[in-house]
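# Observations on chain architecture
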Amino acid sequence: AINQYLKAVVSTQSTGRRRLEEIKRRHQTVVEIMAEGILALKKESGDRFDPSINYFLDRFYTSRIAIRVLISNHLVLFGPEVECPGHCGIIDPTMDVHNIIDDAASGAKYLCNYYYGDCPNIEINTYSKKR
């Protein structure tokens, strides 16, 4: 009975992992497809571009990033992919989040200045619990 249970668990895990791999593969081009759609919408609507679309896109991409992180982490933890030393799945517990955000903000500021000649001020506040 225990042997059959273990076989069923392994089979279920294998099926779940394959489905996650398929979902990840199938959605690889979502960013490009969405960008093409937005460009077509802007071309069609001109200056009448509905600002609520930005709200939708922010939520859509935030959800997409979160789902991809969860899928990728699960596949590394429970799949054949090799985990990097010191990581927990794809998570690096020693990562300096502030530096990564600061670097991304610098890049965004550069692009804003390049394309628009100005950029908003960016203030980064980080909080951490030190033991």
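Predicted, not measured: the structure shown is a model, and the values here were computed from it.

At a minimum axis distance of 10 Å, the contact between helix α1 (residues 2–26) and helix α3 (residues 52–78) shows a crossing angle of 140 degrees. Between α1 and α3, the angle falls in the class oblique. As α1 packs across α3, the resulting crossing turns out to be left-handed. Each of Arg-17, Leu-20, Glu-21, Ile-23 and Lys-24 in α1 lies in contact with α3, whose residues at this interface are Arg-68, Ile-71, Ser-72, His-74, Leu-75 and Phe-78.

This next bit is on the confidence of the model for the protein. Per-residue confidence for the protein averages 87 on the pLDDT scale, and 97% of its residues sit at or above 70. α1 is the least confidently modelled element of the protein, averaging 87 in pLDDT, while helix α4 (residues 97–116) averages 93, the highest of any element.

Glancing now at the environment of Ile-90. If you trace the backbone, Ile-90 turns up in the loop between α3 and α4. Along the backbone, Ile-90 and Val-76 are 14 residues apart, and their C-alpha atoms lie at a distance of 6.8 Å. Apart from residues no more than four positions distant in its own chain, Ile-90 is found in contact with Val-69, Ser-72, Asn-73 and Val-76.

Conventions and cut-offs
- Residues numbered from 1 in each chain as written.
- Predicted model: local features only at pLDDT ≥ 70, side-chain atom pairs only at ≥ 80, totals over all residues.
- Heavy atoms only, no water.
- Axes fitted to C-alpha atoms, helices over the stretch in contact; angles between N-to-C directions.
- Helix = DSSP H or I, 4+ residues; strand = E, 2+ residues; numbered from the N terminus.
- Parallel < 35°, antiparallel > 145°, perpendicular 65-115°, else oblique.
- Left-handed = near helix turned anticlockwise from the far one by under 90°.
- Contact = heavy atoms within 4.5 Å.
- pLDDT = per-residue confidence, 0-100.

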